[in-house]
Structures are given as C-alpha cells and as structure tokens.
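Residues per chain, in single letters:
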Amino acid sequence: MIKNFFLIAFRNIFKHKVFSFINIFGLAIGIAASLLIFQYVRFELSYDRFEANSDRIYRIQLDRYNQGKLSTQWAAGAAGIGPIVKDAFPEVESLARLRPTNGIVAYKNLEFREEKLFFANDNFLPMFSYSAIEGSIHGALADVNTAVLTATAAKKYFGNENPLDKIITVNKAASYKITAVVPDPPANTHLKFSILLSFASFVAQRGPEVNTTINWDGFFAYILLRPGTNPKLLEKKIAALVQTKWSDDMKKNGWNMVYHLQALPDIHLTSHYMHEAETNGDGKAVYFLLVIAMFIIGIAWINYINLATARSIHRAKETGIRKTLGSLRWQLIVQFLFESLLINTLAVILAFLLILVCLPAFNAVAGKSLSLALLATGGFWTNLAILFIFGTILSGFYPAFVLSSFKPISVLKGKLAATTHGALLRQSLVVIQFMASVLLMVGTFTVYRQLHFMQHQDLGVKTAQTLVVKGPRVLDSTYDNQLSNFRTEVLRIPGVSEVAASTQVPGEKVDWNAGGIRLVGADETESRQYRVIGIDYDFLDAYGLKLLAGRNFSHEMSTDTAAVLFNEAAIEQLGYRTPQEALDKRIEFWGKQYTIVGVVTNHHQESLREAYDAHIFRLIPDAEGYYSIKLSRNSDTWTNTIASVKQQYKAFFPNNPFDYFFLDDHIAEQYKADQQFGQTFSLFAGLAIFVSCLGLLGLASFVTSQRTKEIGIRKVMGAPVPSILVLLTRDFLRPILLAFLLATPITWYVLGKWLENYAFRIPLTPWLFLGPIALILVVALLTITTQTLGAATANPVKSLRTD
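Residues numbered from 1 in each chain as written. Predicted model: local features only at pLDDT ≥ 70, side-chain atom pairs only at ≥ 80, totals over all residues. Heavy atoms only, no water.

Chemist: What's the story with the overall build of the chain in this structure? I'm lost.
Modeler: A tally of helices and strands in the chain yields 25 helices and 23 strands. Sorting the 803 residues of the chain into buried and exposed places 52% on the buried side. In the chain, once contacts between residues fewer than 6 apart in sequence are set aside, the share between residues at least 24 apart is 80%. Just so you have it, the chain exposes about 35700 Å², and 59% of that area is on carbon and sulfur atoms. (Helix = DSSP H or I, 4+ residues; strand = E, 2+ residues; numbered from the N terminus. Buried < 20%, exposed > 50% of the residue type's maximum accessible area, 1.4 Å probe, protein only. Contact = heavy atoms within 4.5 Å. Areas by Shrake-Rupley, 256 points an atom, 1.4 Å probe, with all protein chains shown as cover.)

Chemist: Is there a simple way to think about the environment of Ala174 in this case?
Modeler: Positionally, Ala174 belongs in strand 9 (residues 174-182). Remark: the alpha-carbon pair of Ala174 and Asn145, spanning 29 residues in sequence, is separated by 7.6 Å. With near-sequence residues (within four places) excluded, Ala174 lies in contact with Ile168, Thr169 and Gln205.

Chemist: Honestly, the pairing of strand 21 (residues 615-619) in this entry has me stumped. Any pointers?
Modeler: Side chains on a regular strand alternate between the two faces of the sheet. In terms of burial, strand 21 is a largely internal element, 5 of the 5 residues being buried. With burial as the criterion, each face of strand 21 is covered, one bearing His615, Phe617 and Leu619 and the other bearing Ile616 and Arg618. Taken together, the 5 bridges between strand 16 (residues 528-535) and strand 21 define a ladder with parallel strand orientation. By the bridge assignment for strand 21, Ile533 is matched with Phe617. (Pairing = 2+ DSSP bridges.)

Chemist: When you look at the packing of aromatic side chains in this model, what are you seeing that I'm missing?
Modeler: Two aromatic rings are characterised by how far apart their centres lie and by the angle between their planes. Per the stated rule, a full pass over the model turns up 41 aromatic pairs. Among the aromatic residues, those joined into a ring-pair cluster are Tyr479, Phe486, Tyr627, Trp638, Tyr649, Phe653, Phe658, Tyr660 and Phe662. The ring centre of Phe219 lies 4.5 Å from the NZ or CZ of Arg99, which sits over that ring. (Phe/Tyr/Trp six-rings, centres within 6.5 Å; stacked < 30°, edge-to-face > 60°. Lys NZ or Arg CZ within 6 Å of the ring centre and 35° of its normal.)

Chemist: Help me understand the side chain of His604, please; the structure alone is not making it clear to me.
Modeler: Mapped onto the elements of the fold, His604 is located in the loop between strand 20 (592-600) and strand 21. For His604, the side chain forms a polar contact with the side chain of Tyr612, separated by 3.3 Å. Leaving out residues up to four positions away in the same chain, His604 has contacts with Gln457, Asp458, Leu459, Tyr612 and Phe760. (Polar contact = N/O pair within 3.5 Å; in protein donor to acceptor, adjacent residues only side chain to side chain.)

Chemist: In this structure, what is going on with the packing of helix 15 (residues 479-491) against helix 19 (residues 638-652)? I would like to understand it.
Modeler: Angle between the axes and distance between the axes are the two parameters that describe a pair of packed helices. In the contact formed by helix 15 and helix 19, the axes pass within 10 Å of each other and the chain directions differ by 160°. Here helix 19 runs roughly antiparallel to helix 15, going by the angle between their axes. Here helix 15 and helix 19 pass one another in a crossing that is right-handed. In contact with Gln482, Asn485, Phe486, Glu489 and Val490 of helix 15, helix 19 contributes Val645, Gln648, Tyr649 and Phe652. Partitioned by chemical class, the residues of the contact of helix 15 with helix 19 number 5 nonpolar, 3 polar and 1 charged. (Axes fitted to C-alpha atoms, helices over the stretch in contact; angles between N-to-C directions. Parallel < 35°, antiparallel > 145°, perpendicular 65-115°, else oblique. Left-handed = near helix turned anticlockwise from the far one by under 90°. Nonpolar A, V, L, I, M, F, W, Y, C, P; charged D, E, K, R; others polar.)

Chemist: Please explain a nonpolar patch on the surface as it appears in this structure.
Modeler: On the surface, a cluster of nonpolar side chains totalling about 430 Å² of accessible area is made up of Leu346, Ile349, Leu353, Leu356 and Val357. Examined against the element boundaries, Leu346 turns out to sit in helix 11 (residues 329-366). (Patch = residues over 30% accessible without salt bridge, like charges linked within 9 Å, V, L, I, M, F, W, Y side chains within 5 Å. Salt bridge = Lys/Arg side-chain N within 4 Å of Asp/Glu carboxyl O.)

Chemist: Help me out: how do you make sense of the pattern of salt bridges in this one?
Modeler: Any two side chains of opposite charge can pair if their charged atoms end up close together. What the rule picks out here adds up to 19 salt bridges. Between Asp560 and Arg551 there is a salt bridge whose closest N-O contact spans 2.8 Å. Judged by relative accessible area, which is 27%, Arg551 ranks as partly exposed. Linked by salt bridges that have partners in common, Asp282, Arg609 and Asp674 make up one network.

Chemist: Honestly, the pairing of strand 18 (residues 563-567) in this entry has me stumped. Any pointers?
Modeler: For strand 18, the buried fraction is high: 5 of the 5 residues fall into the buried class. Neither face of strand 18 is exposed, since Ala563, Leu565 and Asn567 on one face and Val564 and Phe566 on the opposite face are all buried. As defined by bridge partners, strand 18 adjoins strand 20 across 5 bridges and the pair is classed as parallel. Considered in strand 20, the bridge of Ala563 is made with Thr595. Where strand 18 and strand 21 come together, 3 bridges link them in antiparallel fashion. Among the inter-strand pairings, Phe566 is bridged to a residue of strand 21, identified as Ile616.

Chemist: How should the environment of Gly550 be read in this particular structure?
Modeler: Position of Gly550 relative to the elements: it lies in strand 17 (residues 547-550). Assessed through its relative accessible area of 46%, Gly550 is described here as partly exposed. Spatially, the C-alpha atom of Gly550 lies 5.6 Å from that of Val597, the residues being 47 residues apart in sequence. The contacts of Gly550, once residues within four sequence positions are left out, are Leu583, Val597 and Gly598.

Chemist: When you look at the environment of Phe43 in this model, what are you seeing that I'm missing?
Modeler: You can see Phe43 is positioned in helix 2 (residues 17-45). On the basis of relative accessible area, Phe43 is assigned to the partly exposed category, the value being 23%. When the C-alpha positions of Phe43 and Ala187 are compared, they lie 9.4 Å apart, and in sequence the two are 144 residues distant. Those residues in contact with Phe43 that lie beyond four places of it in its chain are Ala187, Asn188, Lys368 and Leu370.

Chemist: What am I meant to see in helix 19 here?
Modeler: At 3.6 residues per turn, the α-helix brings residues three or four places apart onto the same side. With 15 residues, helix 19 extends 21 Å from end C-alpha to end C-alpha; this agrees with the ideal 21 Å at 1.5 Å per step. Where helix 19 is concerned, the buried positions are Trp638, Thr641, Ile642, Val645, Gln648, Tyr649 and Phe652. Here the buried residues of helix 19 occupy an arc of 125° about the axis, which is enough to place them on one side. Away from its buried face by more than 90 degrees, helix 19 exposes Thr639, Asn640, Gln647 and Ala651. Looking at the packing, one finds that the buried side of helix 19 touches strand 5 (110-120), strand 13 (466-470), helix 15, strand 14 (496-502), strand 22 (626-631) and strand 23 (660-662). (Expected span 1.5 Å × (residues − 1). Arc of directions from axis to C-beta.)

Chemist: How should I be thinking about unusual backbone geometry in this particular structure?
Modeler: When glycine is set aside, most residues are seen to have a negative phi, and most peptide bonds are trans. In this model, Asn171 sits at a positive phi of 55°, which is unusual for a non-glycine residue. With respect to the helices and strands, Asn171 occurs in the loop between strand 8 (167-170) and strand 9. In the Ramachandran plot, Asn655 falls in the positive-phi region, its phi being about 70° despite a non-glycine side chain. Mapping Asn655 onto the fold places it in the loop between helix 19 and strand 23.

Chemist: Got a minute to help me understand the side chain of Ser34 in this structure?
Modeler: Structurally, Ser34 can be placed in helix 2. The exposure class assigned to Ser34 is buried, which follows from its relative accessible area of 0%. Within the local environment of Ser34, its side chain forms a polar contact with the backbone oxygen of Ala293, the two atoms lying 3.1 Å apart. The contacts of Ser34, once residues within four sequence positions are left out, are Ala293, Ile297 and Leu387.

Written as structure tokens, this is what we have:
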C-alpha cells in the first residue's frame, strides 16, 4: 500500500508540474524564511539565559524623579544601593558590582585604548558562571590592583606568554597584577568586557563613600537571590527601605528614587536606559519579525490548500472510481495526506539548500553572525520538525477531507463539473493572504519613510566634514599648554578650518547628569536635573549652534568660568517662556553659582527616537573628552590631513593611541539597528508578497483552464478581449479589494503604535497606504493577466475542441 501511495503521489506531482512547482517552491521559501527568522529570534531571546543562575540574577535599576516627574532612568544606578540592599535583606545571596570605564592599557611597549574596561568586585565572575583558563576566579578580584583578562585580551598583550602575575598599567597611573584569564564573553550576553579591574582598587582611589552614597550614579549592581525568593516582594521591600532611610532628604530636595529589579534574561530586549553596558536589542522588532515568519509560512500553506481544493474537481473522478472499486474513505485521506507529506518533504529539502545559499546574505542584511553551526543545534531541527509536521497536517488535512468526501454516483455522473465547492474558502484565504501583504508592504514603506526622515532631518548642528579625535587619557600637569599648542599646530594644517574641545560630541548620550540645579534663592524643591556638556570657546561656531539670546563664551570675559549657556529645553524646564527672560539669571550648581549668559537652539544630541534634552553648556577650555576638527570639502586631501593631525597628536600627547572617527559615521551608527530592521523587514515582506502572488498565479491558471470552453463560446458570440479579461479578473479582484479594506485600519493601528517609539516621527497619512496598495494591486493584476490574457486571445476553435 505504501508503495502504491508513493507511485500515485509522484505521478500526480509530475503530471501537474506547474502546480507542483508552485506548491514546493512556495513552501520552500516559507520554510527557509521562517527558519532563518526563528534562528534570529532564538538568538535574541537567548541572551544571558545560558547563565547557570539566570533565573535568580536581577539587576537593580534606578528611576530618578524630580517634582513627581520621571527625569532619568539608569541601568547603572547609585553607587551605594548594592551594598545597602545586600546588608539589609537575607534574601540576597550575593552581590556583583561593576563600574564601566575606559583607558589606555599598556604592557611593556604595547599600548591600546580599551573601551570595554570595568571595575568589578570578586563576586562577579562566580555569579556569572565564568571559569578560569589561567588562575582561579575565586579571589581573583578580591585585592587592590588586581586584574582579570579575557583570552583575547591576554593574547593581544602577552602573545604566548603566561600572563599570570604580569603587571599592566592603566593610563600610566595605576598598575594591576594579572590574577586570572577567563574565556571571552559569549556573543549573547549584554555584559561584554575585555579587562576587569578589582573594584577594591576603585574604592581605594575614590574613597569608602563609594559603598554608601546614593547621589553618585553609574554603577551596575546585580544580585543573586536565594532559591524561592519572590523578586516582586523584594522590590517592594527595597522601595520601603529607600523611603525609610532617605525620605526626608528626598522631600526636602523635591526628588525621589524608585528601584526596580530587572530579570537578567529580560535586559537585552527590554532595557534602554542611561549607561547600558551596550546598545540592547529591540524586543518589539524581534517579535514583529516573528509575526512576519508566521505570515510567510502561513501564506505558503494557504497556497497549497487553495490549489489543492481548486484541483479537487479534476480529481473527483479519480476519487469516484476508487470508491467504486472498494477504497475506504480513510484510505483516500491517507493517500492525499501522503501526497502532502511528499510535497512538504521536497519543500524541506529545497528550503535546506536555500538556507545554505542565503545565510551569508541574511547575516549581511540583519547584521548578525549566524553560522552553519546553527544546523547542528537542537533548536534548528526542532523548528524544522514542527514546521514539517504541522505544515503536512495543516495543508493536507482539509484538501484530503474534501477530496475523500465526494459521492461516487454524483462524480461519475459529472454533477460536480460546475460546482463551486470550496470557492468561499479559497476566496477567504486569498483575503487573508493579501491582508498580510498590505500590512507588510505598507509597513515596509513606513519604516523606510521614517528612516529617511531621521537621516535627513536637520539635527541643529553641523556634522559634515568633522573629524573627531578621542582625547588623551594619559595626562600630566602640562596638559593645558599641550592642548593649546596642539590646537595651534593643527589649525596650521592645510584643510583644517576649526578645532574645538568638548566632553561630548553629537551622536551619544550625555553622561554628565547633574541634579539639584535651581535658580539662586529658589527653594530646594525647585531643583531639576540637566545634562551638562563641557565645551571650549570654539565649540558653538564649529558646530553651528545658533544663539537665540545673549552671547557665546569669550576669551575677553574672565568671569566666564562662572558662566553657562542653556538650550531651549533647559530654559523651559527652568520656567521661562522666552530666551531673553533667562539671560543673566543665576543658578546654583553643586554648591557654586553660575550666570546664564546665552541661550542656544535645541539640537539632536541623540537619535530622533529621543526628545530634546535639557542641556547646560559649561566652559571647560581644556576639555579632554574629544577634539572636533573641521575639514575642507575636498575629501581627496583628508588622508594627508589625518596623517598630519596624527603626527601632531603623537607629538603633544605621547603614550596615547591616536583614535578617531568621522562624526557622520558616528551619528549613522545610532540608526544602524533601525536600518537593519528595515532591510530585514522589507526582505521578508517582499518574500511574503512573492509567495502570495505565486499562489495567485497558480489559482488564476487553474480557474482559467476550467473556463476554456466558456471563453471560446463567448469569443464565437462576439465578445471582445477586454470584456473577457474583465470577466476573468473580476472574481480575483473582489477578495483582493476586500483585503485592502479590512487590512487598512489594522495596519494604521499597528504602525501608529510602532511610530510611538520615536519622539520625532512622520505622520500617518493616506498617501503612506495608497502607494503600497496600488503597487500590490498592480502586481496582482499582472499576475492574473499573464494567465487570463493567453486564454482571452486564444483561438476559440482550439478552445471548443478541448474536453
């Protein structure tokens, strides 16, 4: 019997090559695309879940409020909260503390700027399940001036030498003994580091208040809860502790702190706060892609069901004869399910080949590094098995029951020839297909419009032709003179027009977060938080920041060391409606008084996801964060210019690596994740629409072949070709147009919610829908017309001869 099933299945596949190709190719695309997306989603969801105690590790996250309004959300919160929580609650088994930093790390003649440098306490490595390649993780960071390297960092500094007990220096100021080497952090962790320095060293440098203060933010605190601890209940206890210890101080100053416990596996996709260890993923985008995967495979299955039920009339006589000869219904059901199994098997084989071929392209589009090793993972084969089994049953079940339900007498008498059996189902499935297509196409168009809007919006600052050099970390008492001479020499380089020093540049979060700022004489409850940027005299001119009132900092004004500039958002937060009102007002800033001498326009310091921040610009002529160098328009000379800048940098700041970037590239990095999402979204949206049209092509071909004789008669009776085309396409256009009507409000709602992620966004207008819908309609019409036009122009004599 099995052999017979195989023979009949293969015979039907080769007899109807076009329909078989459409089914197999459509299913293969659906399965391949879905598997790639599933692996992408699986990777994103796997972040930090590999930790042995991932279900018991929580990060303490801080929300700061001013006057009842949320002002700042910190991933790395107050310095003292970790030790305070650990000492107060026995539910906390262990505490890991980290302080991010960066600096120039040196060993003998090797010097590198390390950006993934952390001070960490001795509990960090055991809590996060690290093993030691060299040394031991226990006690490795217990003492002052000790360090732990990753395998890559050890290779970079020591080559084949054993790094244990070797000494490295950081910023030529402190020496650290290597006590252990650990494996590199995996790709799917949010905490990636190259070197860990003992937290005891940081305490020794900054003082014991690091263990108690709640007014110094920027410290990660991870706690390991004892088994059975309720994190929600502990979170409430922490809130009560904060109110008990500091409520009077907080009320006096008009601010408040609220602490939350973030589950370790949730951080990567849901946390986007100040001082994240790295740029985290977008949970909404990940789940959106998962929905697209469902759409694609669902559309492929719909195609199979549609074509199978449409062809049921042609196979009705076969079913009638089988039943007459004694076949039972269950045998017919098994036969048709077996055909579905065979088609799905061939589709899986083709999908497997498509994955092998397309994986590099997928990685390039999605910005991931999935390798063929995914084929060896249990998750891949589990997903494949689920798609195969579910697809075989789902796509084969209904057609099998339809085909096996025909009555032999009716079939053999030809009473099913003109039946519309299954037509309503087919039209309903076409509606669902094109509803998905509308959502995906309009979504793609909206994503690209939003990206274009963000990338071409006026940022309020001039960023073009700006070379940014990272300031030196190894400094001495002559730094002021060195910077002044460096600036003078760089300005003499042909092609350089301006040089400015600052603590920050556009394209990144401002990490100088200052609270307690208020007007002189105002009550402490009027204090607010601001972002502070240290700049020199030339920063405003170099970046084209426009003064709305007042003046810039001036060399001629010796009092400008006690002067500040506010932006529009900052004066609004201070309570003034116009820039002129804020001029000459004095503010209290960490125990000192400053005068507002100018008000500048708002600018986009970060991506357009974020609203304008309240910025204060302080005069710091010797700012050591970044040097912004404006270049000439002739990019052909930039290579020589950069070489000359490097020469001067190394001359004035020896023992410091020359690290630079172009500001346009730096700002574009903010939108890299959005671009990758847009590219991935559009790729799979295009595949979904292609598979939809593939099914429509098969359905149009079948329906047209069914009406061959009718078309011949109409032509003999004088019907023109256009009227026949209208007749044949009308039945297909109705469900497509209905799909447009049903999909539009759903799509409007979904995209509206997505756009809410952006503080600055495009408006949703009918034009965003009309273009993509018209494109889908044109593609659908062309698909249908390729089949109907041939039938409408065929010789009626040949049509009437067919039976």
